[in-house]
Protein chains: 2
Amino acid sequence: MQVEITREYIDQVEEAIERKDSEFILSTMADMYPADITTVLYELDANESKYVMDLLPPEVGAEILSDLDYDIRTDFLHYFTSAEIARYINLMHSDDAVDILNEQSVQTREEVLALLENEEKSEDILDLLHYEEDCAGGLMAKELIKVNLNWRVRQCIEEIRRQAEDVERIYTVYVVDNKDILVGRVSVKALLLSRDDKLVKDIYSTDVISIESFRDENEVVSVMQKYDLEAIPVVNIQGRLLGRITIDDVVDVMQEQAELSRQLMTGISENVEEDDSVFRISRSRIPWLIIGMVGGLLAAQFMGMFEKDIAILPALALFVPLITATGGNVGIQSSSIIIQTLSSNAVMFENFAQRIFKLIMVALLNALIISALVFSFTYLLRSDLTLAMVVSLALFSVVMLASMMGTITPMVLDKFGINPAVAAGPFITTANDLLGLAIYFGVAHLLYNL
Amino acid sequence: MQVEITREYIDQVEEAIERKDSEFILSTMADMYPADITTVLYELDANESKYVMDLLPPEVGAEILSDLDYDIRTDFLHYFTSAEIARYINLMHSDDAVDILNEQSVQTREEVLALLENEEKSEDILDLLHYEEDCAGGLMAKELIKVNLNWRVRQCIEEIRRQAEDVERIYTVYVVDNKDILVGRVSVKALLLSRDDKLVKDIYSTDVISIESFRDENEVVSVMQKYDLEAIPVVNIQGRLLGRITIDDVVDVMQEQAELSRQLMTGISENVEEDDSVFRISRSRIPWLIIGMVGGLLAAQFMGMFEKDIAILPALALFVPLITATGGNVGIQSSSIIIQTLSSNAVMFENFAQRIFKLIMVALLNALIISALVFSFTYLLRSDLTLAMVVSLALFSVVMLASMMGTITPMVLDKFGINPAVAAGPFITTANDLLGLAIYFGVAHLLYNL
């Protein structure tokens, strides 16, 4: 049943926990989806949540644990013994189990592994623990349905029935040869439509897209999206079938990436949500504010060199916000388009020289438009030809240089393996502020012969 | 076969088109996935692409058309007659077909609909054309597998075999009653594991999450994500089963949304990619640059009111970049967290007063830290106590006010049905610049008794 979780219900649950009324909790939660129970637990404190978890059937508890945000889960699992964790792990898919074990201390991890009853699961988990978290091997689950090339349809259906116990959703039935090399796939549909004594090799399709276990998670996302796959088999370098990645894992990766770029672009250094504590939200924001502050103080020091110029010609100071704001806007626009290209793994047939040429043309066009407009307005507003020339010439240079910076910084960061989205945030804005001021006062100093 | 598309191959294809060498094109593309052929077509001009499309089997052409970016597709389809479009539409899923028809002129749409041979498809499409594009009805496809509550397993398997012709991937088999009301689901697994003469009503599960056709696409995304669904049935207000939405459509919606917020946040007003033309990239950037420019000129006009103050005390001007940059950073940080909350449909148990109180506490804490630091540094650098007080007091007020603005603007925009991510872009930065300057010069004027 889809339920609306209300503040009243949360209060009732808290009171029920207080008076140890397991009846109320079990009866109201019996018809709820684990995802809804998770929403309730987020509103309780750890001790209360633990009380609820102990009451729930272990299968539901396992789903809830798989669902939880990883930082909350790590804290929450401190309230559980290794034996309790092992009981849940036994009921999870291998990929979720490995995620949780990776978050534990070495000691807890070893204890839990030793306590696992299901030997096949334990082996699967040990195997998966070898892979880096952000590669195809780290995303895959071992649960899949595979059949041998030389089997008959009858044998396949039996095997599917047997293996289906483990596999919640049948995506594709993979076909392997005697050495366990992935050679193709056969759809449930094809199996249902074929006579029982047909051989797999006569009905299977060799048309299967797979990915090697060492590939980066971004590659997994782009391959699955490009070919519109809802599951992809993972193979080792020899082509042996190791596991499979399903689209829900990919959706999670996409979300994490979107969240990460959002944080980088907005200068928030931790994963916070609106209902986190004041102290935590504050802590996540202060680092970038301090970087911005240092940039602002550097700008003050730098402009201090021109203090006499400003005293003679205070009108100069009036256009400082125009210069810094335009530099910032152009820098973010330029970096944004490069970051998109870099992160989409798009095929890029234009070579480096062509791309730089085009970038210069775009910057030139926009710089001309903006500086022509600013020249006209400044002259109209202040009737000072030299000032209008200084401001518009400086603005022209700022647009050109901020475009370059905005384009080149993400490319350089990417080359060094740093997430280029860093460049779209306060960093590039601050750098552009300083650059813009240097140009502006340089041009003014020259044109006014100050 | 997964292939690497090379510049050389594109050149060869272009030459082959030039000399009308259909042999080369067909033989090299025969083993390619439609998604890879799409990549090739992106590199050709419209006439060349049309030549290739005419050679390819219509099933492949239909997949390629479904895949194309919508703006490119709209242009490209001008090269096709209505009869040609109808031939492809016949081979598409109903949801893709409707997307394409919605992009055509009324005349083309009517012509194509009249030319459709498959009557069932034609009815499905007419039905789907009634829904708004960004609601559940606009995302759904009519192709699904449903069985009646009173059927036997044998009859279901036969029905699946029959319907499976249309449905590429069997996600779930939906169970309806005699009035076509969705009552539950039965897994292929359960059907395979049951005896042939069992009744559906004895093995089906009532546990099915559905969504009404009028729900917004964001709701579809959040429900499917929350409950980890790979397909969701769409029902009308009476509960009648209308169609189903699959996770690949949701992935597309997620991508569009991420792309849209990226554009709004970076001040890019059109969907451009790095390989678009210079003119188009320029056009997509200029509107926000002009808005920023107007803001900058307003700031200049405003500061002009304090020109005499600056002439007396040029040091005042030095801290303008610090004030505007900090205001901008704080504004973007604040709006970002609200936008995330608004777009995630997160359950929000804290009431409005609590949220505003917490926001004030966070702003207060950060404002205190930043202004204390700036007070110390300014005093150290300039040994002017009044100046240090002016700058830090102004900064304190700017952080407080920019936090408010950054929080309240997205909430107000959201109330009026405007995408709140607009507020995270140059708009809020520009507004914060003006606000910050007003505070700064106001405070200076007061404290210095200018």
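Residues numbered from 1 in each chain as written. Chains lettered and ligands numbered in written order. Predicted model: local features only at pLDDT ≥ 70, side-chain atom pairs only at ≥ 80, totals over all residues. Heavy atoms only, no water.

Under an unreviewed UniProt entry, the name given to chain A is Magnesium transporter MgtE, and the source organism is Pontibacter fetidus. Recorded under Sequence similarities (unreviewed entry), the UniProt text for chain A is reproduced unchanged: "Belongs to the SLC41A transporter family." (UniProt positions renumbered as here; feature names shortened; annotations may be inferred.)

Caption draft 1: Looking closely at the interface of chain B and chain A. Each partner contributes to the interface: chain B provides 112 residues, whereas chain A provides 112 residues. Linking chain B to chain A there are 4 salt bridges. The residue E307 of chain A makes a salt bridge to R382 of chain B at a minimum N-O spacing of 2.9 Å. Our count for the chain B to chain A interface comes out at 14 residue pairs in polar contact (both at pLDDT 80 or more). With 18 residues, the single largest contributor to the side of chain B that touches chain A is helix α17 (residues 278-304) of chain B. (Contact = heavy atoms within 4.5 Å. Salt bridge = Lys/Arg side-chain N within 4 Å of Asp/Glu carboxyl O. Polar contact = N/O pair within 3.5 Å; in protein donor to acceptor, adjacent residues only side chain to side chain. Helix = DSSP H or I, 4+ residues; strand = E, 2+ residues; numbered from the N terminus.)

Caption draft 2: Local environment of the sheet that holds strand β1 (residues 145-148) of chain A. All names here are of chain A. Taken in spatial order, the 3 strands line up as β1-β2-β3 in an open sheet, and their pairing is mixed. One side of each edge strand has no neighbouring strand; the edge strands of this open sheet are β1 and β3 (182-186). Pairs of neighbouring strands in the sheet enclose a mean axial angle of 35 degrees, with direction left out of account. In this sheet, β3 lies alongside strand β2 (residues 173-176) in antiparallel orientation, the contact comprising 4 bridges. (Pairing = 2+ DSSP bridges. Axes fitted to C-alpha atoms, helices over the stretch in contact; angles between N-to-C directions.)

Caption draft 3: How the structure looks around a negative patch on the surface. On the surface, a cluster of negative charge is contributed by E63, D67, D252 and E256 of chain A together with D228 of chain B. Within the residue set of the negative patch, elements represented by two or more residues are α5 (58-67) and α16 (247-266) of chain A. Structurally, E256 of chain A is set in helix α16. For E256 of chain A, a relative accessible area of 52% gives the class exposed. (Patch = residues over 30% accessible without salt bridge, like charges linked within 9 Å, V, L, I, M, F, W, Y side chains within 5 Å. Areas by Shrake-Rupley, 256 points an atom, 1.4 Å probe, with all protein chains shown as cover. Lys, Arg positive; Asp, Glu negative; His and termini not counted. Charge placed at Lys NZ, Arg CZ, Asp CG, Glu CD. Buried < 20%, exposed > 50% of the residue type's maximum accessible area, 1.4 Å probe, protein only.)

Caption draft 4: Region of interest: the packing of aromatic side chains. On inspection of all chains with the given rule, the structure shows 14 aromatic pairs over all chains. Their ring planes at 20 degrees and their centres at 5.0 Å tell us that F306 of chain B and F441 of chain B sit as a pair that is stacked. One end of the pair, F306 of chain B, is in the loop between α17 and α18 (307-312); the other, F441 of chain B, is in helix α23 (residues 426-447), with 135 residues separating them in the sequence. Considered together, F306 of chain B and F441 of chain B belong to a single accessibility category, that of buried residues. It is R87 of chain A that lies over the ring of Y88 of chain A; its NZ or CZ is 5.2 Å from the centre. (Phe/Tyr/Trp six-rings, centres within 6.5 Å; stacked < 30°, edge-to-face > 60°. Lys NZ or Arg CZ within 6 Å of the ring centre and 35° of its normal.)

Caption draft 5: Spotlight on the sheet that holds strand β5 (residues 231-235) of chain B. Residues and elements named next belong to chain B. Strand order in the open sheet formed by 3 strands is β4-β5-β6, and the pairing between neighbours is mixed. Of all strands in the sheet, those with a lone pairing partner are β4 (211-212) and β6 (241-246), marking the two edges. Across 5 bridges, the pairing between β5 and β6 is antiparallel. Looking at the pairing, V235 lines up with L241 of β6.

Caption draft 6: Representation of the UniProt feature "transmembrane region" (unreviewed entry) in chain A. On the UniProt side, "transmembrane region" (unreviewed entry) is annotated at positions that read residues 286-306, 312-339, 359-381, 387-409 and 421-448 of chain A here. Secondary structure content for residues 312-339 of chain A is 89% helix and 0% strand, and the end C-alpha separation is 43 Å.

Caption draft 7: How the structure looks around the relation of the copies chain B and chain A. Mapping chain B onto chain A leaves a residual RMSD of 0.1 Å; the transformation is a rotation of 180 degrees accompanied by 0.0 Å of translation along its axis. The operation mapping one copy onto its partner corresponds to a two-fold rotation axis. The rotation axis passes nearest to the C-alpha of A311 of chain B in chain B, at a distance of 2.5 Å. By residue overlap, the copies meet face to face through one surface: 100% of the interface positions of chain B are interface positions in chain A. (Least-squares fit on C-alpha atoms with pLDDT ≥ 70 in both.)

Caption draft 8: Main features of a nonpolar patch on the surface. Residue and element names in this part refer to chain A. A cluster of nonpolar side chains, namely F375, Y379, L385, M389, L393 and L447, defines an oily patch on the protein surface of about 510 Å² accessible area. With 3 residues, the top contributor of residues to the nonpolar patch is helix α22 (residues 385-415). Overall, L393 belongs to the partly exposed group, its relative accessible area being 43%.

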